[in-house]
Amino acid sequence: MSDEVVITCALTGVLTNPQQHPVPVTPEEMAASAREAFDAGASVMHVHFRSQEPGMGHLPSWDPQVAVAIAEAIRHACPGVILNFSTGTIGRDQQGALDCIRAGRPEIAACNAGSLNYLKARSNGTWAWPPMLFENTVEKIEELLEVCRETGTRPEFECFDVGIVRSVGMFSDVGMVEQPNYNLVMGVASGMPADPDLLQLLTRYMHEGTLWQSTVIGRQEIWALHRKTAELGGHLRSGVEDTFYLSDGSRTSGNGPLIEALVNLAEEAGRTVVSPQRAREIFL
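One structure accompanies this document, and this report is about it. (Residues numbered from 1 in each chain as written. Predicted model: local features only at pLDDT ≥ 70, side-chain atom pairs only at ≥ 80, totals over all residues. Heavy atoms only, no water.)

Thoughts on helix 9 (residues 276-283)
It helps to recall that an α-helix has 3.6 residues per turn; residues three or four apart then point in one direction.
Here comes step 1: Buried within helix 9 are the following residues: Pro-276, Ala-279 and Phe-283. Taken end-on, helix 9 shows its buried residues confined to a sector of 50°, consistent with a single buried face. Turned more than 90 degrees away from the buried face of helix 9 sit Gln-277 and Glu-281, all of them exposed. (Buried < 20%, exposed > 50% of the residue type's maximum accessible area, 1.4 Å probe, protein only. Helix = DSSP H or I, 4+ residues; strand = E, 2+ residues; numbered from the N terminus. Arc of directions from axis to C-beta.)

This is the structure:
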């Protein structure tokens, strides 16, 4: 296990309302928030794009011009930073995401590695939203991987359950990808729970010697899993896409305090947070 750790900041989410939560939307806001995270120790910025129309910042955008404006603003604010573009679309059509990769040419692109019934139940016995299928067929994944090869972008495989983790290994076995890199997404209600005991088991089902990190969604309970990730040798990610809560239960004011807390946790676990230059050597 290496003592070095790369830290990723998930700058903003998909639908979170900026009028209610501290999520950046505009290129200027994204750049300022990225700089806070960069100064705190994050070398990678995971980026979602939001609508730039007045009052519509809670909605996603797949406009390549928006992607380029945000990417350029972040790169200018954070010299040497690594960009990781979100690509998730609920259905089969992912043309907007592919266009954004081609336009913005990020170093990394998220690749959702399997389908998931995306569900959440309320305590009163009703659905929080109508049940939906997050569709990620092998055909859709292959299409994304082809664009990643075209742009020199490294795919990061988002794994929402154990079967998807095992599928990523098969992607490598059949030649879809040479060296898979895993992102274990834990805390989605219908996916893997944010359970440190489960995390320790998951490492058995990844190809040996590959890079991996965890994305943990929830409140203050997520920090125990971040600590376990650090102890097991994984790379770390946090940001207001994933949580609004620090380990003491208080709400964060933005991305900077979350990354500061993640850095402190990593160092307590004996890991060394690397520079952006070293992160490039490890991740790319």
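Things to note about the sheet that holds strand 9 (residues 182-186)
Here comes step 1: As summarised here, the arrangement of the 8 strands in space is 2-3-4-5-8-9-10-11, forming a closed barrel in which the pairing is parallel. Geometrically, the sheet is characterised by an average inter-axis angle of 25° between neighbouring strands, direction not taken into account.
Here comes step 2: Judged from the 4 bridges that link them, strand 3 (residues 44-47) and strand 4 (residues 82-85) form a sheet pairing that is parallel. When the bridges of strand 4 are listed, Val-44 appears paired with Ile-82.
Here comes step 3: Its contacts with the sheet place helix 2 (residues 64-77) against strand 3 and strand 4, and it is angled at close to 155° to strand 4. (Pairing = 2+ DSSP bridges. Axes fitted to C-alpha atoms, helices over the stretch in contact; angles between N-to-C directions. Contact = heavy atoms within 4.5 Å.)

Considerations on helix 5 (residues 162-173)
Here comes step 1: Taking 1.5 Å of rise per residue, 12 residues should cover 16 Å, and helix 5 covers 17 Å from first to last C-alpha, within 8% of that figure.
Here comes step 2: Turning to helix 5, its buried residues number three or more, namely Ile-164, Val-165, Val-168, Gly-169, Phe-171 and Ser-172. Along the long axis of helix 5, the arc covered by the buried residues comes to 155°, so they all point the same way. Exposed side chains of helix 5 directed beyond 90 degrees from the buried face belong to Arg-166 and Asp-173.
Here comes step 3: Of the surrounding secondary structure, the elements contacted by the buried residues of helix 5 are helix 4 (138-151), strand 8 (154-159), strand 9 and helix 6 (196-202).
Here comes step 4: Taking the backbone nitrogen of Gly-163 as reference, a side-chain oxygen 3.1 Å away marks Asp-161 as the first, capping residue of helix 5. (Expected span 1.5 Å × (residues − 1). Polar contact = N/O pair within 3.5 Å; in protein donor to acceptor, adjacent residues only side chain to side chain.)

Side note on the nonpolar core
Here comes step 1: Membership of the largest hydrophobic core comes to 74 residues, with the highest contact counts inside it found for Met-45, Val-47, Ile-74, Phe-157 and Leu-184.
Here comes step 2: Excluding its chain neighbours within four sequence positions, the residues that come into contact with Val-47 are Leu-11, Met-30, Ile-70, Ile-74, Leu-83, Asn-84, Phe-85 and Ser-86.
Here comes step 3: Among the nonpolar cores identified, the runner-up in size contains 7 residues, and Val-6, Val-44, Ile-108 and Val-274 belong to it. (Core = buried A, V, L, I, M, F, W, Y, C linked by side-chain atoms within 4.5 Å.)

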